[in-house]
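What follows is the residue order along each chain.
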Amino acid sequence: MYILVKGLEDYMLPCVNKKLFGFECMGCGLQRSALLLLQGDLSGAFLMYPAIYTLIALFGFILINSFKNFKNGSKIIAILAITNVAVIILSYLLKLYFK
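Residues numbered from 1 in each chain as written. Predicted model: local features only at pLDDT ≥ 70, side-chain atom pairs only at ≥ 80, totals over all residues. Heavy atoms only, no water.

## Here's the deal with the overall build of the chain
On a plain count of helices and strands, the chain comes out with six helices and zero strands. When its helices and strands are written in sequence order, the chain yields α-α-α-α-α-α. Counting only C-alpha atoms and orienting by the principal axes, one finds that the chain spans roughly 45 × 35 × 25 Å. Within the chain, the proportion of its 99 residues that are buried is 22%. In the chain, the share of contacts with a sequence separation of at least 24, taken over all contacts with a separation of at least 6, comes to 36%. (Helix = DSSP H or I, 4+ residues; strand = E, 2+ residues; numbered from the N terminus. Buried < 20%, exposed > 50% of the residue type's maximum accessible area, 1.4 Å probe, protein only. Contact = heavy atoms within 4.5 Å.)

## Considering the packing of aromatic side chains
Taken as a whole and judged by the stated rule, the model has two aromatic pairs. Geometrically, the ring pair formed by F61 and F70 is stacked, given 5.4 Å between the ring centres and 20° between the ring planes. Residue F70 is classed as partly exposed on the basis of its relative accessible area of 33%. On the basis of an interplanar angle of 80° and a centroid distance of 4.8 Å, the ring pair of Y97 and F98 is categorised as edge-to-face. Exposure remark for Y97: the relative accessible area of 64% places this residue in the exposed category. (Phe/Tyr/Trp six-rings, centres within 6.5 Å; stacked < 30°, edge-to-face > 60°.)

## Some points on the pattern of salt bridges
Evaluation of the coordinates by the stated rule reveals two salt bridges. A salt bridge links K18 to E24; the nearest nitrogen and oxygen atoms lie 3.3 Å apart. Look at E24 and you get buried, because its relative accessible area is 13%. K95 is the partner of E24 in a salt bridge, and the nearest nitrogen-oxygen pair spans 3.1 Å. With a gap of 71 residues between them, E24 in the loop between α2 (16-21) and α3 (30-39) and K95 in helix α6 (residues 73-98) connect regions that are remote in the sequence. (Salt bridge = Lys/Arg side-chain N within 4 Å of Asp/Glu carboxyl O.)

## What about the environment of S91?
Residue placement: S91 occurs in helix α6. For S91, a relative accessible area of 14% gives the class buried. Along the primary structure S91 and F70 are separated by 21 residues, whereas in three dimensions their C-alpha atoms are 30 Å apart.

## Concerning the side chain of N65
Counting through the fold element by element, N65 comes out in helix α5 (residues 52-67). There is a polar contact of 2.9 Å between the side chain of N65 and the backbone nitrogen of F70. Setting aside anything within four residues of it in sequence, one finds N65 in contact with F70, G73 and I77. (Polar contact = N/O pair within 3.5 Å; in protein donor to acceptor, adjacent residues only side chain to side chain.)

## Notes on the confidence of the model for the chain
Averaged over every residue, the pLDDT of the chain is 87; the share at 70 or more is 93%. Highest mean pLDDT in the chain belongs to α5 (95); lowest belongs to helix α1 (residues 2-7) (62). (pLDDT = per-residue confidence, 0-100.)

Following this line, the structure appears as structure tokens:
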């Protein structure tokens, strides 16, 4: 498994925003964070892209809700999406401020 995950580094997409404008976008670090998560480095994945876990929760709930419709599923998805956007924006601003 480690060899398969290690080979994925060669296929990561570069950040077009960073190449064109010279600064990172709000999604920078997501691919590397997912790779760290696959390698089992949970804290490293969080430090690379803090919204990785809220994204997993959001997409996981959307997937589960597509098979079993929950009574308040749309409200839960909206709350998870708003939380996710807030975490992405906050972590991006912190990254810009402390870099």
